[in-house]
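# Report on the structure
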Amino acid sequence: MNRALITGITGQDGAYLAHYLLKKGYEVYGTYRRLSTPNFWRLNYLEIFPKVKLIPVDLTDPSSLGEAITISRPHEIYHLAAQSFVEASFQTPVSTAHMTGVSVVTLLEAVRTLSPESRFYFAGTSELYGDSLGGSPAKLNEDSPFKPVSPYAAAKLFGLWSTEIYNRAYDLFACTGILFNHESPIRGLEFVTRKIANEVAKISVGLSDQIRLGNVEAKRDWGYAPEYVDAMWRMLQADTPRMYVVATGETHSVREFLDVACAEAGIRADKYLKNDKSLHRPLDVPALVGDHSRITRELHWKPKTRFDQLVKNMVREELSRWQRYLKGEVFPWDVPSYPDGHGIIRRVRGRAQ
Ligand code: NAP
Ligand code: F7E
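Cut-offs used in this document
- Residues numbered from 1 in each chain as written.
- Chains lettered and ligands numbered in written order.
- Predicted model: local features only at pLDDT ≥ 70, side-chain atom pairs only at ≥ 80, totals over all residues.
- Heavy atoms only, no water.
- Helix = DSSP H or I, 4+ residues; strand = E, 2+ residues; numbered from the N terminus.
- Buried < 20%, exposed > 50% of the residue type's maximum accessible area, 1.4 Å probe, protein only.
- Pairing = 2+ DSSP bridges.
- Axes fitted to C-alpha atoms, helices over the stretch in contact; angles between N-to-C directions.
- Contact = heavy atoms within 4.5 Å.
- Core = buried A, V, L, I, M, F, W, Y, C linked by side-chain atoms within 4.5 Å.
- Near = heavy atom within 4 Å.
- Polar contact = N/O pair within 3.5 Å; in protein donor to acceptor, adjacent residues only side chain to side chain.
- Areas by Shrake-Rupley, 256 points an atom, 1.4 Å probe, with all protein chains shown as cover.
- Nonpolar A, V, L, I, M, F, W, Y, C, P; charged D, E, K, R; others polar.
- Domains from an automatic or database assignment.
- Buried area = accessible area lost by both parts, 1.4 Å probe.
- Salt bridge = Lys/Arg side-chain N within 4 Å of Asp/Glu carboxyl O.

It is worth spelling out the environment of Tyr32 at this point. You can see Tyr32 is positioned in strand β2 (residues 27-32). Classification of Tyr32 by relative accessible area gives buried; the value is 9%. Residues Tyr32 and Ala261 lie 229 residues apart in sequence; the distance between their C-alpha atoms is 33 Å.

This next bit is on the sheet that holds strand β1 (residues 3-7). Judged by pairing direction, the sheet is parallel, and its seven strands sit side by side in the order β3-β2-β1-β4-β5-β6-β11 without closing on themselves. The open sheet has two edge strands with one neighbour each: β3 (53-56) and β11 (244-246). Averaged over neighbouring strand pairs, the angle between their axes works out to 25° when direction is ignored. Across three bridges, strand β6 (residues 174-179) lies against β11 in parallel orientation. Among the inter-strand pairings, Leu179 is bridged to a residue of β11, identified as Val246. This element, helix α1 (residues 12-23), spans β1, β2 and β4 (76-79) of the sheet and lies at about 170° to β1.

Another point: the nonpolar core. Soluble, globular proteins show a tendency: their nonpolar side chains are buried together. Judged by nonpolar contacts, the single largest core of 42 residues is most densely connected at Ile6, Leu17, Leu21, Leu43, Tyr78, Tyr121 and Met235. It is helix α8 (residues 225-237) that provides the largest number of residues to this core, a total of eight residues. In this view, Leu17 contacts Ile6, Tyr78, Leu80, Val229 and Met232; residues no more than four positions away in its chain are not counted. Counting residues in hydrophobic clusters, the runner-up holds 38 residues, among them Ala68, Phe122, Leu160 and Val289.

What follows deals with the site of ligand 1. In the vicinity of ligand 1 lie 26 residues, with Thr10, Asn39, Leu80, Ser84 and Tyr152 positioned nearest. Between an oxygen atom of ligand 1 and a side-chain N or O atom of Asn39, the distance comes to 2.4 Å. One of the backbone N or O atoms of Ala82 is found 3.2 Å from an oxygen atom in ligand 1. Within the complex, the protein chains bury 91% of what would otherwise be the 900 Å² of accessible surface of ligand 1. Among the secondary structure elements, those contributing two or more residues to the shell around ligand 1 are α1, β5 (119-125) and α6 (151-170). For the shell around ligand 1, the leading source of residues is β5, giving three residues. Residues belonging to the shell around ligand 1 are distributed by class as follows: eleven nonpolar, ten polar and five charged.

Attention shifts here to the domain arrangement of the protein. Size of an interface, as often reported, equals the accessible area lost when the parts are brought together. Domain assignment breaks the protein into domain 1 (3-183 + 222-246) and domain 2 (192-220 + 264-288 + 307-352). Computed over C-alpha atoms only, the centres of domain 1 and domain 2 are separated by 22 Å. Both sides together, the interface formed by domain 1 and domain 2 hides about 3100 Å², and carbon and sulfur atoms give 66% of it. For the domain 1 face of the interface with domain 2, the top three residues by lost area are Trp41, Tyr45 and Trp222, together amounting to 22%. The interface formed by domain 1 and domain 2 holds one salt bridge in total. Put simply, domain 1 and domain 2 have three residue pairs in polar contact (both at pLDDT 80 or more) between them. Counting only elements with at least two residues in the side of domain 1 that touches domain 2, the list comes to β2, α2 (41-45), β3, α3 (62-72), α4 (86-91) and β10 (223-224).

The subject of this paragraph is the site of ligand 2. Around ligand 2 there are 23 residues in total, and Ser84, Thr125, Tyr152, Arg281 and Asp284 lie nearest to it. For ligand 2, an oxygen atom lies 2.8 Å from a polar atom in the backbone of Val192. Within the side chain of Arg220, a nitrogen or oxygen atom sits 2.9 Å from an oxygen atom of ligand 2. Contact with the protein chains removes 96% of the 700 Å² of surface that ligand 2 exposes when unbound. Among the elements of the structure, α7 (192-204) and β8 (211-213) are those that each provide at least two residues to the shell around ligand 2. Across the shell around ligand 2, the residue classes break down as nine nonpolar, six polar and eight charged. Lining the shell around ligand 2 are residues from two domains, each supplying at least three of them: domain 1 (3-183 + 222-246) and domain 2 (192-220 + 264-288 + 307-352).

This is the structure we're talking about:
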C-alpha cells in the first residue's frame, strides 16, 4: 500500500488531498499542531477524521518533522504546512520566514538523510510572481520572472529554490507546484473569497449589515481547490520532477467576486460594501493570471470549475450553513476536542506509538 505524509493536513488543501489519496487507497499520515482550540473541523466535514493517522509536528521544531518521516515511512511527501496568509506575513515576517521558508530545508534535510527515495512536493505559489506582470495582461508561466512583494512570497521563494537545489545536488525527486489561488467552502475565513461568501450569506439571512473590504481592484486567477490537489498528485507520479503552473487562465477582480456573490444571495453590493483602509496591505499584487499549458500538455491536468460556478457554490454553501444555524442546528463539522485514540500517534518514553 502506498503511504503519503501530508504536512498541514488540517488546512484546506491538506484536508482535500487526504480525502483524494484515501480514495486512491493510500495510507494517509498527516501532521497537526496542538492548538488551544482543536482544528479538525475540515477532516470532520469531509468525513475522513477517523481515517487518517495524525502526527504532532511544529514547523519550527526540526526533530518533530524528522520524526514524522520516521513514523510514516512515506513514499510521497506533500509539504503544505505554512503560515499561508499574505497579510499576516507583514505583521509576523520573522516567524513566517521560519514556518514558510526554513521549514522546507528542515524537511528536505530529513528526507535526504532518512528517506531519500520519498517523492517530495512543495507548495509554491503565484505570489512568487509579485508585480512581475506590471499591468500587462500576459499569462504567467514556469519561465516568468519571480518578483515577490511580501514576506510570505519571499519565504516561498527560498522554499522553491531549496527544493530545486535538493533535486539537483542530491538527486531527490523533489518538485514545486506554482499554484494560483484556489478556493472552496472550507477555505480559511480570513481569505477574501470565503470572507465575502460568508458575509454575503449572513447579510442575506439578517445576521449582518456590512462587508468591510480592502483593495477590491486586485485581480486573481481563482480555481476550485479539490481540482488542485489532483495536480499535486500528478506531479509526484511523473517520470521526472518538474515545476508546474496550476491555474485556470482567467482573472477576475475582488469587486467582480463580490458582485457575483451578492447577485447569488439576492442583495445589492453597493448597499453593504465598506472600504476599510486597515485591510489594504503595505504592498499588494495587483493582478495575476496563469498559463497552465505545461501541466495540461504533460500531465493531462485541466481546470474544470469556472469562476461564476465557484462563487455561486461558495455562497450557496454558506447560506445553507447559516440557515441551519438559525434553525438551532449545531455546525455539523464541529469537533469538540482532541478525542482519545482517533489515529493520533503519541510519544511514550521517546518512542512513537
Ligand atoms: P491553510 O488552510 O492555511 O493551511 C495551512 C496548514 O499549515 C494548516 O494545517 C496549519 O495548521 C499548518 N501550519 C501553519 N503553521 C504551522 C506550524 N507552525 N506548525 C505546524 N503546522 C502549521 O493553507 P492552504 O490554503 O491549505 O494552502 C496549503 C499550502 O499551499 C500552503 O503552503 C500555502 O502557502 C500554499 N498555497 C495555497 C494557495 C491557495 O490558494 N490555497 C495557493 C498557493 C499556495 P493549523 O490548522 O493548526 O493552523
Ligand atoms: O487576498 C484583496 C487582497 O488574502 C486576495 C493565499 O492562499 O493565494 C492566497 O493569497 C486579494 C488581495 O489571498 C480583502 O488585498 C481585498 O489582493 O484572499 P487573499 P492572496 O493574498 O491572494 C495565494 C496564491 C497564496 O499562496 C496564499 O497562501 O484580495 N482583498 N479586501 C482582501 N483580502 C483579504 N484577505 N481580506 C479582505 O478584506
